[in-house]
Amino acid sequence: MTDLQLMELAVEARERSYAPYSGFHVGAALLGKSGKVYLGCNVENAGYSPTNCAERTALFKAVSEGELEFTAIAIVGGKGKEIAEFCAPCGVCRQALAEFCEGDFRILLGTPKDIRVYTLNELLPFSFGKADLH
Ligand code: THU
């Protein structure tokens, strides 16, 4: 699975985004260590707070299917039909990913034509995790 393929899968996932309230459509493609890819989109709700981000949709799908380790995620988002140049994951999703992903977990942002690669350590420094509870 190349970075470009993972980004293209995120674009495909974004097509199924349910975002009638914000109009901001997000897609994510999460690569498990098994090699399997889990797709997710944001799913909004009239009650607003039950809304689930694309990244957590993908993560929870994966974990519920028994995949607990991951190497990378691609994320694309933007208003309407357009994919923004850059859609960074929200803080809640960074924390949710940190439960299962190492610091060198790769986060691909941007567009298929301009992929920018970050690590979880870069996007969530000084994080609170399971090691703090031991
Ligand atoms: N959203 C995501 O799906 N992922 C993010 O990391 C940022 C925000 C969604 C939530 C909501 O449906 C819409 O984008 C606007 O915030």
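Residues numbered from 1 in each chain as written. Predicted model: local features only at pLDDT ≥ 70, side-chain atom pairs only at ≥ 80, totals over all residues. Heavy atoms only, no water.

Regarding the nonpolar core
Here is step 1 of the chain: Of all hydrophobic cores here, the largest spans 21 residues; its most connected members are Leu30, Phe70, Ile73, Ile75, Leu97, Phe105 and Ile107.
Here is step 2 of the chain: Of all the secondary-structure elements, those providing two or more residues to this core are β1 (24-32), α2 (54-64), β3 (70-79), α3 (91-98), β4 (106-111) and α4 (120-123).
Here is step 3 of the chain: Among the elements that line this core, the one with the most residues is α2, at 4 residues.
Here is step 4 of the chain: For phenylalanine 105, the residues in contact, after removing those within four places along its chain, are Leu30, Phe70, Thr71, Ala72, Ile73, Leu97, Tyr118, Thr119 and Leu120.
Here is step 5 of the chain: Counting 11 residues, the second-largest nonpolar core is a separate cluster that includes Ala29, Leu39, Ala72 and Ala74. (Core = buried A, V, L, I, M, F, W, Y, C linked by side-chain atoms within 4.5 Å. Buried < 20%, exposed > 50% of the residue type's maximum accessible area, 1.4 Å probe, protein only. Helix = DSSP H or I, 4+ residues; strand = E, 2+ residues; numbered from the N terminus. Contact = heavy atoms within 4.5 Å.)

So, the environment of aspartate 3
Here is step 1 of the chain: Along the polypeptide, aspartate 3 turns up in helix α1 (residues 3-14).
Here is step 2 of the chain: The spacing of aspartate 3 and arginine 116 is 113 residues in sequence and 9.8 Å in space, taken between C-alpha atoms.
Here is step 3 of the chain: The contact partners of aspartate 3, leaving out residues within four places of it in the chain, are Arg106, Leu108, Ile115 and Val117.

Details of the packing of aromatic side chains
The geometry of an aromatic ring pair is captured by the separation of the ring centres together with the interplanar angle, meaning the angle of the planes.
Here is step 1 of the chain: Under the definition given, this model contains 2 aromatic pairs.
Here is step 2 of the chain: Seen in terms of ring centroids, tyrosine 21 and tyrosine 48 are 5.9 Å apart; in terms of plane orientation they differ by 45 degrees. Their pairing is tilted. Taken as a pair, tyrosine 21 in the loop between α1 and β1 and tyrosine 48 in the loop between β2 (37-41) and α2 lie far apart in primary sequence, 27 residues in all.
Here is step 3 of the chain: Residue tyrosine 21 is classed as partly exposed on the basis of its relative accessible area of 43%.
Here is step 4 of the chain: Considering the side-chain rings of phenylalanine 86 and tyrosine 118, the 6.1 Å spacing of their centres and the 80 degrees angle between planes classify their relative orientation as edge-to-face. Highlighted residues: phenylalanine 86 in the loop between β3 and α3 and tyrosine 118 in strand β5 (residues 114-119), separated in sequence by 32 residues. (Phe/Tyr/Trp six-rings, centres within 6.5 Å; stacked < 30°, edge-to-face > 60°.)

What about the sheet that holds β2?
Here is step 1 of the chain: With respect to topology, 5 strands assemble into an open sheet ordered β2-β1-β3-β4-β5, the strand pairing being mixed. Two strands in the sheet have a free side with no partner beyond their single neighbour: β2 and β5. Taken over all neighbouring pairs, the strand axes of this sheet differ in orientation by 20 degrees on average, direction set aside.
Here is step 2 of the chain: Sheet strands touched by α1: β1, β2, β3, β4 and β5. Its angle to β3, the strand with the most contacts, is close to 45 degrees. (Pairing = 2+ DSSP bridges. Axes fitted to C-alpha atoms, helices over the stretch in contact; angles between N-to-C directions.)

What about the site of the ligand?
Here is step 1 of the chain: Taken together, Ser22, Phe24, Val26, Asn42, Glu44, Thr51, Cys53, Ala54, Glu55, Ala88, Pro89 and Cys90 form the complete shell of residues around the ligand.
Here is step 2 of the chain: Take asparagine 42: an N or O atom from its side chain is 2.9 Å from an oxygen atom of the ligand.
Here is step 3 of the chain: Here alanine 54 contributes a backbone N or O atom positioned 2.9 Å from an oxygen atom of the ligand.
Here is step 4 of the chain: Computed on the free molecule, the ligand has an accessible area of 370 Å², of which 78% lies beneath the protein chains in the complex.
Here is step 5 of the chain: Elements that contribute at least two residues to the shell around the ligand include exactly β1 and α2.
Here is step 6 of the chain: Taken together, the residues that form the shell around the ligand break down as 7 nonpolar, 3 polar and 2 charged. (Near = heavy atom within 4 Å. Polar contact = N/O pair within 3.5 Å; in protein donor to acceptor, adjacent residues only side chain to side chain. Areas by Shrake-Rupley, 256 points an atom, 1.4 Å probe, with all protein chains shown as cover. Nonpolar A, V, L, I, M, F, W, Y, C, P; charged D, E, K, R; others polar.)

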